[in-house]
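# Commentary on secondary and tertiary structure
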Amino acid sequence: MGTTAMERPLIRGTTKARRRRVVGLGTLVAVLVIAAAVSLAVGARALSPAEVWHGLFAAPDSDQRLTEIRLIVRTVRMPRTVLAIVAGIALGVGGALIQGYTRNPIADTGLLGVNSGASFAVVSVIAVFGFADPFQYVWFAFLGAAGSGVVVFGLASIGRGAGNPLTLALAGQGITVFLAAMTTAVALSDQASLNALRFWNAGSVAGVGFDVIWPVALFIAVGLVLAVTTLPALNLLNLGDDVARGLGVNIALSRTIGIAAITLLAGAATAACGPIAFLGLMVAHVARYLTGPDYRWLVPYAGLLGAVVLLLCDIVGRLVVRPGELDAGVVVALLGAPFFAALVWLGKFKGA
Amino acid sequence: MNGTDVKRSVAPVAPGVRLGQVSFVWRPWLVCVTLLLAAATFLVFCLSIGVGDFPIGLSRVIATIFGGGERVDEFVIMDLRMPRALAGLVVGIALGVSGALTQSIARNPLASPDILGITGGAGAVSVFLVTVSGGTAAAVVSAVGLSSAALAGGLGTGLLVYFLAWRRGIDGFRLILIGISVSAMMEAITTWLLVTADIKDVARAQAWLVGSLDNRSWSEVRVALWCTLVLLAVVFCVAFQFKPMHLGDEVAAGLGVRYAMVRAVLLLCAVLLAAVGVSAAGPVPFVALVAPQVAMRLARCPTPPMVASGMVGALLLIGADLVARTALPISLPVGVVTAAIGGPFLVYLLVRANLK
């Protein structure tokens, strides 16, 4: 889906703007690294930078205190930091893509029914098989998320309404409410499910080990590759279907790839963390503000911003209600909702 | 749903009726459908009373309701089953009318009290009261009751949404989006309360959160009944001013309607009706969204008809409660059934509109 030499400067902008975007991307990476370091240091037991360094890289030795630090860093803080970054990137990129493909500024990956599909699957397998370990039900969560995502997209692309933002929103809401009812029906008849459901629903990056994270990260990597291949076509699609077709875009193919990417990204992130609403929506808007409408810049920005925001929310959640913890998903919602309201109030969504 | 429903209304001019200062369009089909719906609602109402561990025939139920039944029936019906059925009736009507009002005001079929934050706010307040035991929470519950506290929560959130969406007037689209975001905040708070609570309280809170008609008492029903009647009276008085507003603000102003005033009053009524419904039965999902759409299609009206929407709401709620109690292997809260009906219905509307 190459652009012709004539269009290229139109999309890319001036050299100066491009340099500014590269610098911005570098800054975001730096912020992400700092946030990750803070995430390793902050918690029920605060660690100094030297201790974090030691916990990460030192070989095991006999010192009782240092062994303990190693344990905290490697088995507790490290996995949740990595998961926050991986899931944050996935949700950020997924949010930017879904807003692009639906041309809907209020689209969020949660809107696809992905969250409700995952919740239903988790509750069902716990009720039927009695699973207790995240490693056992994460696959079913992924299947549920992907399944409901595909159904919602399928329903939304029947007939003439395909591509209409309201159609997707309605299909998503219909499926979400239906699945939520089924989820409640199962949860109310099985206490173990109910107990798992309330923790799952909060959306958290804590308590999952690397045995879950690596497979999830693999799915997300595939999703990211698909996302990258579809970006040039996405830029053209946003000029309207007719223009895109005229410029040689295979619309059906590029939509299918885009949907596959969104489903993989959102499904995998939701499977590992539980439903996290508003993150993709929020960072996609900030990214658009920073980069303008070119998706080849917007999407990487959204991914990095997603990782930074999810990490920061997780850190804030660890600090505000000590000695307890506020789940990252709850912090994201409490922060994202006013952000969203402010965008609405400023009149950003007039034409949706 | 889309333009097609509006087009259908451009039919031959319907005959008008004028009684002194009041005039309205005579639509025989609408009246016919509304009467049929009322009859069906009454039938399901009686059926719901009759079905249970101690089954009572339909004729005996009707006789008892009108005061001519036997002593045994009277006890079972009036003391045990009537509150539940009546709660279903009142809540159904309140939610149906509330949905019809919000959808008309926002000119959007997606608008419903669920989206305007009312259910979310009521849910957060009551989950807070259920899960945080002792102290002020217990004092509040014992002083005003869970329902009234939920009512206050729903009302407060609804008003918050209204004021946040106010910006030199109320715009339907902005109202919905602000509602979505405030609802999400309330849900986040609810989720967090559920995470930190004791599992026994969680089950209670969860059952309340789906919407249920279990264990209603006369005192709760009476409050909801009177509130609903008063609100419906207000809606009835203002509704005559409301009709021209479907033609747009400018036309309405030209016809002498103070549209900002009328809209504010009706929106407040919609919020209050939904809050009453939620306080009596919990946030029963989808009734307020589905009932006006069904009524609109049955009555072949361009906009949701108020009375018929209320009737469909009641029919839906009592019917769903009947199904939830009797037809399923485990007894479920009514909200599960309404959501199970409502979700696919929304999808059906969508597919049908798209295939046209």
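Going by the structure above, here's the rest.
First, a word on what this report is: a plain description of the structure on this page.

Here is what the cut-offs are and how they apply
- Along each chain, numbering runs from 1 in the same order as the chain's sequence is written.
- A letter from A marks each chain and a number from 1 marks each ligand, given out in the order of writing.
- Owing to the predicted nature of the model, reporting of local features is limited to residues with pLDDT of at least 70; listing and counting of side-chain atom pairs is limited to 80 or more, with chain, interface and lining totals taken over all residues.
- To get the side-chain values, all heavy atoms of the structure are used, and hydrogens and water are removed first.
- Helix and strand assignments follow DSSP, with helices taken as H or I runs no shorter than four residues and strands as E runs no shorter than two, numbered in order from the N terminus.
- Radius of gyration means the value over C-alpha atoms here, while the globule rule gives 2.2 Å times the residue count to the 0.38 power.
- Residue contacts are defined here by distance: any two heavy atoms, one from each residue, within 4.5 Å place the two residues in contact.
- We treat Lys and Arg as the positive residues and Asp and Glu as the negative residues; His and chain ends play no part in the count.
- Positions of charges follow a simple convention, taking NZ of Lys, CZ of Arg, CG of Asp or CD of Glu.
- Think of it in three bands: residues with accessible area under 20% of the maximum for their type are buried, residues over 50% are exposed, and the middle band is partly exposed, with areas taken using a 1.4 Å probe on protein chains only.
- Throughout, the Shrake-Rupley method with a 1.4 Å probe supplies accessible areas, and for residues the shown protein chains are the sole cover considered.
- Whether two aromatic rings pair depends on their centres lying within 6.5 Å, for rings of Phe, Tyr and Trp, where Trp uses its six-membered ring; planes under 30 degrees apart make the pair stacked, over 60 edge-to-face, and the rest tilted.
- The rule is short: NZ of Lys or CZ of Arg within 6 Å of the ring centre and within 35 degrees of the ring normal puts a charge over the ring.
- In the analysis that follows, any N or O atom pair within 3.5 Å is treated as a polar contact, provided that within protein one partner can donate a hydrogen and the other can accept it, and provided that, for residues neighboring in sequence, both atoms belong to side chains.
- One side-chain nitrogen of Lys or Arg within 4 Å of one carboxyl oxygen of Asp or Glu is enough to make a salt bridge.
- Here, expected helix span is obtained from the residue count minus one, scaled by 1.5 Å.
- Bend is computed residue by residue as the angle between axes fitted to the seven residues ending at the residue and the seven residues starting at it.
- Patches in this entry comprise residues that are over 30% relatively accessible and not in a salt bridge; like charges within 9 Å are linked, as are nonpolar side chains (Val, Leu, Ile, Met, Phe, Trp, Tyr) within 5 Å.
- To qualify as a nonpolar core, a set must consist of buried Ala, Val, Leu, Ile, Met, Phe, Trp, Tyr and Cys residues joined through side-chain atoms within 4.5 Å.
- In this analysis an axis means a line fitted to C-alpha atoms, helices contributing only their contacting stretch, and an angle means the value between N-to-C directions, from 0 to 180 degrees.
- Any angle from 65 to 115 degrees is called roughly perpendicular, while one under 35 is roughly parallel, one over 145 is roughly antiparallel, and all others are oblique.
- Residue classes follow a fixed rule: Ala, Val, Leu, Ile, Met, Phe, Trp, Tyr, Cys and Pro count as nonpolar, while Asp, Glu, Lys and Arg count as charged, and any other residue, Gly among them, counts as polar.
- Any two cysteine sulfur atoms within 2.5 Å of one another count as a disulfide.

### Concerning the overall build of chain A
Each helix and strand counted, chain A has 14 helices and zero strands in total. A compact globule built from 352 residues would reach a C-alpha radius of gyration of about 20 Å, and chain A, at 21 Å, matches this within 12%. Each principal axis of the C-alpha atoms in chain A carries an extent, and together these give about 70 × 55 × 35 Å. Taking the intrachain contacts of chain A between residues at least 6 apart in sequence as the baseline, contacts between residues at least 24 apart amount to 74%. When the 24 basic and 15 acidic side-chain charges of chain A are each reduced to a single mean position, those positions are 13 Å apart.

### Some words on the overall build of chain B
Helix and strand counts for chain B come out as 14 helices and two strands. When burial is assessed residue by residue, chain B has 52% of its 356 residues classed as buried. In chain B, the proportion of contacts linking residues at least 24 apart, taken out of those at least 6 apart, comes to 73%. Carbon together with sulfur atoms contributes 69% to the accessible area of chain B, which is approximately 15,700 Å² in total.

### Structural notes on the packing of aromatic side chains
For the structure on display, the rule yields six aromatic pairs over all chains. Ring plane angle 35° and centroid distance 6.4 Å describe the contact between F129(A) and F140(A), whose orientation is recorded as tilted. Taken together, the positions of F129(A) in helix α5 (residues 114-129) and F140(A) in helix α6 (residues 134-156) put the pair eleven residues apart, joining distant regions of the chain. When its relative accessible area of 53% is taken as the criterion, F129(A) is described as exposed. A relative accessible area of 30% means that F140(A) is categorised as partly exposed. The structure contains a cluster of three or more aromatic residues connected by ring pairs, namely W139(A), F142(A) and F219(A). Directly above the aromatic system of W29(B) lies the positively charged group of R300(B), at a separation of 4.2 Å from the ring centroid.

### Digging into the environment of Y295(A)
Residues and elements named next belong to chain A. Residue placement: Y295 occurs in helix α13 (residues 295-320). Taking the relative accessible area as the measure of exposure, Y295 reaches 4% and is therefore buried. Measuring from C-alpha to C-alpha, the distance between Y295 and R45 comes to 41 Å, with 250 residues separating the pair along the chain. In contact with Y295, other than residues within four places in its own chain, are A96, Q99, G100, L231, L234, N235, N238, R288 and P300. A polar contact of 3.5 Å, which involves the side chain of Y295, links it to the side chain of R288.

### Comments concerning the environment of M282(A)
Locating M282(A) in the fold gives a position in helix α12 (residues 279-291). Along the primary structure M282(A) and D108(A) are separated by 174 residues, whereas in three dimensions their C-alpha atoms are 8.8 Å apart.

### Brief notes about the interface of chain B and chain A
How big an interface is tends to be stated in terms of accessible area lost as the parts join. Taken together, the 44 residues of chain B in the interface contact 47 residues of chain A. One can count zero salt bridges joining chain B with chain A. Across the chain B-chain A interface, the total number found is zero residue pairs in polar contact (both at pLDDT 80 or more). Looking at the side of chain B that touches chain A element by element, the count peaks at 13 residues for helix α7 (residues 172-196) of chain B.

### So, helix α4 (residues 71-106) of chain B
Residues and elements named next belong to chain B. With 36 residues, α4 ought to run about 52 Å at 1.5 Å a step, and its terminal C-alpha atoms sit 50 Å apart, in line with that. The sharpest bend along α4 reaches about 55° and sits at R81, with the proline P83 one to four residues further on. Counting buried residues in α4 gives 28 out of 36 residues, a clear majority hidden from the surface. At the C-terminal side of α4, R107 shows a positive phi close to 50°.

### Comments concerning a nonpolar patch on the surface
Residue and element names in this part refer to chain A. Residues V128, F129, F135, W139, F140 and L143 make up a contiguous nonpolar surface patch of roughly 590 Å² in combined accessible area. Of all the secondary-structure elements, those providing two or more residues to the nonpolar patch are α5 and α6. A per-element tally of the nonpolar patch places α6 first, with four residues. Along the polypeptide, L143 turns up in helix α6.

### So, the pattern of salt bridges
Residue and element names in this part refer to chain A. This model, assessed by the stated rule, comprises seven salt bridges over all chains. As a salt-bridge pair, R296 and D294 come within 3.5 Å of each other at their nearest N and O atoms. Relative accessible area serves as the criterion here: at 24%, R296 is assigned to the partly exposed category.

### Notes on the side chain of T270(A)
As for its placement among the helices and strands, T270(A) is situated in helix α11 (residues 251-273). Contact partners of T270(A), with chain neighbours within four places excluded, come to V114(A), N115(A), A118(A), W200(A) and P275(A).

### What to know about the nonpolar core
Of all hydrophobic cores here, the largest spans 122 residues; its most connected members are L97(A), L112(A), L279(A) and L310(A). Per-element accounting of this core gives the leading share, 14 residues, to α13(A). Core analysis: the next-biggest nonpolar cluster, separate from the first, contains 68 residues, A341(A), A87(B), V90(B) and I178(B) among them.

### Observations concerning the packing of α4(B) against helix α12 (residues 287-299) of chain B
Residues and elements named next belong to chain B. Direction vectors running N to C along α4 and α12 enclose 75°, while the axes themselves pass 7 Å from each other. The angle between α4 and α12 falls in the class roughly perpendicular. Facing G92, L95, G96, G99, A100 and Q103 of α4, the residues of α12 in contact are V287, A288, L289, A291, P292 and Q293. In terms of residue class, the contact of α4 with α12 is made up of seven nonpolar, five polar and no charged.

### Considering the state of the cysteines
A complete count under the given rule lists zero disulfides over all chains for this structure. You can see C237(B) has no disulfide; the closest cysteine sulfur is in C269(B), sitting 9.7 Å from it.

### Details of α5(A)
Residues and elements named next belong to chain A. Along its 16 residues, α5 runs 22 Å from first to last C-alpha, staying within 8% of the 22 Å computed at 1.5 Å per residue. Of all the 16 residues making up α5, twelve are buried; the element is thus mostly covered by neighbouring parts of the structure. V114, N115, S116, G117, A118, S119, A121, V122, V123, S124, V125 and I126 are the residues of α5 that are buried. Trailing α5 by a residue or two, G130 shows a phi angle of about 70°, which is positive.

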